[in-house]
Amino acid sequence: MIDRRTHPGRGRRRTLVGLLTATALAMIAGAVVPALASSATTLKDLAEAKGKEIGFALDPNRLSESAYRNIADTEFNLVVAENAMKWDATEPARGSFNWNGADQVANYATSGGKKLYGHTLVWHSQLPGWVSNLSSPAELRTAMVDHISAVAGRYRGRVTAWDVVNEAFNDDGSRRSSVFQQRLGNGYIEEAFRAARAADPTAKLCINDYSTDGINNKSTAIYSLVQDFKARGVPIDCVGFQAHLIVGQVPANMQQNLQRFADLGVDVRITELDIRMQTPADATKLANQAADYRRVFQVCLAVARCAGVTVWGITDRYSWVPGTFPGQGAALIWDDNYQRKPAYDAVTEALGGIVTPTPTPTVTSPTTPPPVGGCRVSYTPNTWNTGFTANVTVANLGTTTVNGWILTFGFTAGQQVTSGWNATVTQSGGQVTAQNMSWNGTIPPNGSQSFGFQGTHSGTNPSPTSYALNGNPCTIG
Ligand code: G3I
């Protein structure tokens with residue numbers, strides 16, 4: 001069997017916890033297929049077993065996309081709004097609130113049993129013009145406190161932690177010259193934290209920033225602020241490290257940096273992780289990126305007060321990175337087509353999971369070759385713009401029960417599977433492999449099993465013209 005770990009990006013791998021029986025082989029109908037893994041798991045399961053949160057930045061407009069939704073639902077236990085809770089989204093005009101997106105995010109978290117992380121109350125960016133235009137310090141102070149009261153108050157009791165103030169420092173450790181800093185002076189951060197505590201006494205209150213992942217002037221400035229707040233009893237509970245990183249540049253002292261904050265008596269968390277590269281990606285870059293993701297998760301696991309890691313999006317397709325850094329991207333752990341990248345496996349392993357190659361059917365010389373026509377496949381696609389779903393039914397026309405099935409077929413027009421149901425559906429080049437789940441592996445004589453998948457296409461979506469069940473050709477109908 002090929003160990004696909006040496007071929008990053010070539011097909012999805014199975015995630016397993018503990019020692020599995022996957023290496024036991026089952027003889028079926030003249031073919032040898034690996035027995036199914038018994039305990040496939042998710043990043044969420046693994047993180048929870050370690051007592052950590054694993055979050056993602058949600059764009060609620062993407063939830064209608066089933067591949068996005070499936071990953072969101074299954075892989076994470078924490079949700080943060082990528083944009084929907086920011087000032088421009090929630091209070092575009094003074095005193096006039098729009099809760100549409102923010103409520104969608106909050107309700108998604110609640111209904112899915114996920115923690116809700118608040119991002120962000122006071123930030124110089126995505127700030128509506130009316131705030132910047134408040135020239136009177138008293139007016140700006142009132143607007144800031146009112147905004148915090150309204151937004152944190154609306155989600156009072158539901159938010160695990162708020163980024164109260166975001167990106168308040170320059171790289172040299174000085175204060176960023178935001179409208180808040182200019183009009184209200186150094187005290188605005190403290191005022192914001194006190195207002196947030198009043199609005200939601202149960203939410204942890206964080207200060208959040210980028211380029212603070214290692215020990216440097218900027219992180220040290222925040223360290224001093226936390227020290228000062230702690231000494232004076234100003235409410236502060238956590239520090240967020242955004243970790244918008246570049247492949248090969250995870251700071252060597254990241255763990256030491258997070259630990260020094262934890263030692264001040266605050267939680268730490270990695271709030272916006274992505275690790276970008278020059279595009280296009282290749283196997284070497286993806287492997288290096290995987291090593292970097294592994295390292296960042298290891299850092300959080302090594303710091304007891306690290307609450308968890310949040311990735312800044314699900315798929316490279318919608319990442320903010322290429323828009324801000326032209327020529328760079330591929331920064332997340334699912335690619336443009338929602339395929340897991342090597343970084344996904346690295347995170348799995350960092351969290352204590354075991355990654356094994358997707359079992360590949362090995363067809364041996366059958367003693368009694370089944371007749372052609374021993375199986376029949378019906379394939380029903382539903383195609384739109386550049387996407388499609390397909391329902392597939394495979395029927396056993398033979399006289400013996402099929403115990404464990406792998407159906408293979410080919411795409412000829414560049415179609416790409418993005419997710420499946422009722423089978424583990426993987427793709428390598430144009431070749432698609434669908435393997436039964438643990439609960440639908442049996443097909444009795446004259447019986448059938450059905451599964452489906454979603455995919456993308458680039459204009460045409462011809463159906464496959466041949467199918468093989470456990471290596472034996474099927475009729476179509
Ligand atoms: O909502 C408008 C839409 O109406 C308009 O048609 C469209 C046209 O470009 O723009 C839309 O707004 C965009 C918004 O995202 C929502 O999609 C903005 O242009 C775009 O600039 C904005 O980018 C966001 C960025 O913050 C703004 O600074 C990114 O999605 C978001 O990922 C990014 O997140 C930040 C964190 O909040 C803080 N840390 C850094 C991180 C990355 O920049």
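Just so you know, these numbers come straight off a predicted model, no measurement behind them. (Residues numbered from 1 in each chain as written. Predicted model: local features only at pLDDT ≥ 70, side-chain atom pairs only at ≥ 80, totals over all residues. Heavy atoms only, no water.)

Peer 1: Report on the overall build of the chain, specifying residues and quantitative values.
Peer 2: Tallying secondary structure elements over the chain gives 13 helices and 27 strands in all. Sequence separation of at least 24 residues holds for 74% of the intrachain contacts in the chain that already meet a minimum separation of 6. (Helix = DSSP H or I, 4+ residues; strand = E, 2+ residues; numbered from the N terminus. Contact = heavy atoms within 4.5 Å.)

Peer 1: Tell me about the packing of aromatic side chains, residues and numbers included.
Peer 2: Counted under the stated rule, the structure contains 22 aromatic pairs. Between the aromatic rings of Phe 180 and Tyr 188, the centroid separation amounts to 5.8 Å while the plane-to-plane angle is 25°, which identifies the pairing as stacked. The pair formed by Phe 180 and Tyr 188 is uniform in burial state, with each residue classed as buried. Among the aromatic side chains, those forming a connected cluster through ring pairs are Tyr 379, Phe 388, Phe 409, Phe 411, Phe 453 and Tyr 467. Positioned over the ring face of Tyr 318 is Arg 62, at 3.6 Å from the centre of the ring. Positioned over the ring face of Tyr 223 is Arg 260, at 4.8 Å from the centre of the ring. (Phe/Tyr/Trp six-rings, centres within 6.5 Å; stacked < 30°, edge-to-face > 60°. Buried < 20%, exposed > 50% of the residue type's maximum accessible area, 1.4 Å probe, protein only. Lys NZ or Arg CZ within 6 Å of the ring centre and 35° of its normal.)

Peer 1: Outline the site of the ligand, supporting the account with residue identities and numerical values.
Peer 2: Inspection of the region around the ligand gives 14 residues, with Glu 82, Lys 86, His 119, Glu 272 and Trp 312 positioned closest. Gln 126 has a polar side-chain atom sitting 3.4 Å from an oxygen atom of the ligand. At a separation of 2.9 Å, a nitrogen atom of the ligand approaches a polar side-chain atom of Glu 167. In isolation the ligand exposes 790 Å². Once the protein is present, 46% of that is buried. Its residues assigned to classes, the shell around the ligand shows three nonpolar, seven polar and four charged. (Near = heavy atom within 4 Å. Polar contact = N/O pair within 3.5 Å; in protein donor to acceptor, adjacent residues only side chain to side chain. Areas by Shrake-Rupley, 256 points an atom, 1.4 Å probe, with all protein chains shown as cover. Nonpolar A, V, L, I, M, F, W, Y, C, P; charged D, E, K, R; others polar.)

Peer 1: Kindly report on empty space enclosed by the protein, identifying the contributing residues and their values.
Peer 2: Any space left empty among the atoms is revealed by the rolling of a water-sized probe across them. On inspection of all chains with the given rule, the structure shows four cavities of 30 Å³ or more. Taken as a whole, the largest cavity holds about 50 Å³ of empty space. Val 122, Trp 123, His 124, Val 165, Asn 166, Glu 167, Ala 168, Arg 176, Ser 178, Phe 180 and Tyr 188 are the residues that line the largest cavity. Elements represented by at least two residues in the lining of the largest cavity include exactly strand 6 (115–123) and strand 7 (159–166). Within the lining of the largest cavity, the residues separate by chemical class into six nonpolar, three polar and two charged. Counted as a void, the second largest cavity has a volume near 40 Å³. Forming the boundary of the second largest cavity are Ala 47, Lys 52, Glu 53, Phe 297, Cys 300, Leu 301, Gly 308, Val 309 and Leu 351. Secondary-structure elements contributing two or more residues to the lining of the second largest cavity are helix 11 (283–302) and strand 12 (306–311). Counting residues per element, the lining of the second largest cavity draws most heavily on helix 11, at three residues. (1 Å grid on protein atoms, 1.4 Å probe; cavity = no way out; pocket = protein on both sides within 12 Å on 5 of 7 lines; lining within 4 Å. Points joined across faces, edges and corners; volume = space filled by probe spheres on them.)

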